[in-house]
Amino acid sequence: MRAIVQHRFGDPADVLAVEDVDLPEPGPGQVRLRVILSPIHNHDLWTVRGSYGFVPDLPARAGTEAVGVVDALGEGVRGFEVGQRVATGGTFGVWAEYVIARAGGLMPVPDGLSDEAAAQLVSMPFSAISLIDDLGLGAGDWLAQNAANGAVGRLVAQLAAARGIEVVGLVRRAAGVDELAAQGIGHIVATDRADWRDEVRALTGGAPIRAGVDSVGGSASGELLSIVADGGSLVVFGSMESPVVKVLSGDVIFRGVTVRGFWASTVAARMPAEKRNALFGELIAGIASGALTLPVAGTFDLADIGTAVAACAEPGRGGKVLLRP
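Residues numbered from 1 in each chain as written. Predicted model: local features only at pLDDT ≥ 70, side-chain atom pairs only at ≥ 80, totals over all residues. Heavy atoms only, no water.

Asker: Help me understand the packing of helix α4 (residues 123–135) against helix α11 (residues 273–289) in this model?
Answerer: Pairs of packed helices are described in terms of their axes, by the angle between the two and the distance that separates them. Interhelical geometry of α4 versus α11 gives an angle of 115° and a closest axis separation of 10 Å. The orientation of α4 with respect to α11, classified from their angle, is roughly perpendicular. Classified by chirality, the crossing of α11 by α4 is right-handed. Along its contact with α4, which presents Pro125, Phe126, Ile129, Ser130 and Asp133, the element α11 presents Lys275, Arg276, Leu279, Phe280, Glu282 and Leu283. Split into classes, the residues belonging to the contact of α4 with α11 amount to six nonpolar, one polar and four charged. (Axes fitted to C-alpha atoms, helices over the stretch in contact; angles between N-to-C directions. Helix = DSSP H or I, 4+ residues; strand = E, 2+ residues; numbered from the N terminus. Parallel < 35°, antiparallel > 145°, perpendicular 65-115°, else oblique. Left-handed = near helix turned anticlockwise from the far one by under 90°. Contact = heavy atoms within 4.5 Å. Nonpolar A, V, L, I, M, F, W, Y, C, P; charged D, E, K, R; others polar.)

Asker: Looking at this model, I keep getting lost on the packing of aromatic side chains. Mind explaining?
Answerer: Aromatic ring pairs are defined here through the distance separating the ring centres and the angle between the ring planes. Enumeration over the complete set of coordinates arrives at five aromatic pairs. With a centroid separation of 6.0 Å and 35° between ring planes, the pair formed by Trp46 and Tyr52 is classed as tilted. Taken together, a centroid distance of 4.5 Å and an interplanar angle of 15° make the contact between Phe126 and Phe280 stacked. On the criterion of sequence distance, the pair formed by Phe126 in helix α4 and Phe280 in helix α11 is long-range, its members being 154 residues apart. Of the two residues, Phe126 and Phe280, both sit in the buried class. One aromatic cluster is present, built from ring pairs that chain together Trp46, Tyr52 and Trp263. For Arg32, the ring lying beneath its charged end belongs to Tyr98, and the centroid distance is 6.0 Å. (Phe/Tyr/Trp six-rings, centres within 6.5 Å; stacked < 30°, edge-to-face > 60°. Buried < 20%, exposed > 50% of the residue type's maximum accessible area, 1.4 Å probe, protein only. Lys NZ or Arg CZ within 6 Å of the ring centre and 35° of its normal.)

Asker: Looking at this model, I keep getting lost on the environment of His7. Mind explaining?
Answerer: Mapped onto the fold, His7 is located in the loop between β1 (2–6) and α1 (12–15). For the pair His7 and Arg61, spaced 54 residues apart in sequence, the C-alpha to C-alpha distance is 9.1 Å. A polar contact is formed between the side chain of His7 and the side chain of Glu19, at a distance of 2.7 Å. (Polar contact = N/O pair within 3.5 Å; in protein donor to acceptor, adjacent residues only side chain to side chain.)

Asker: Can you walk me through the pattern of salt bridges in this structure?
Answerer: When the charged atoms of two side chains with opposite charge come close together, those side chains can pair. Taken as a whole and judged by the stated rule, the model has 14 salt bridges. Asp71 is the salt-bridge partner of Arg32, the closest N and O atoms lying 2.7 Å from each other. On the criterion of sequence distance, the pair formed by Arg32 in strand β3 (residues 30–39) and Asp71 in strand β4 (residues 66–73) is long-range, its members being 39 residues apart. Of the residues examined, Asp71 reaches a relative accessible area of 26% and is grouped as partly exposed. (Salt bridge = Lys/Arg side-chain N within 4 Å of Asp/Glu carboxyl O.)

Structure follows, in structure tokens:
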């Protein structure tokens, strides 16, 4: 079978390549999947660079989320059958024609859900809804986030709105305001304007912003923290610009703002099954109603991984880049 393999850490466009490898066999409690589609996430690319919380041994496969069809069952597997469509968000090495997955980590895909949506269902949407749930906000509360035109930013805005939570989204350029408005997402402010904080206050009517979600890092962290209310929290979710969070000590000392991190992998690992199932049900219902959208910017063959990685870096990209084996 074909699979994407890396032999060294570095720029994904340089170190990822398709190789012919042996077809794997499932062991006890495992399932072999024939992969249909797999998205390229930022954390996948950070892993390839060797700069993520998970650092694989080399040579390594790549990719973590996919929708696929059950192709073979290992000993002791119950509840799945060959030919069944399933999704996985925590199986390393899915950028391949086939992959071995732990049966307990698979989620059956409803018939009405498209392959394109199912391929993206677990990782980013579940991270976003887990984040919102973790913030403990209620209807009418305000939160602010940067990278509002990123994949997670769009999801947070849509999922929070479904719960009645108000969201201010920050983008770097004015064009981002129009892009999100075209998708029905409002309350967006461009920080390239000198009076952007005044615009935020006008949007909220002076209501306190209880939490900020930082996906950028660097000076953007401090900008976001500056509009969070006294006693609020800044939750560090990503680091698209810089691995360093730059905030003013005065905001933390004198305003009592808390800065903490959020990693969905650890949150999901300790989440009760009932809560996890309820959140997935909320996601599927949102997709079915149209309240939650999972757009696709482009689909590429495994052999075109370099082009696919470049597409991920395109400014103003309107959806996920997918790989099709």
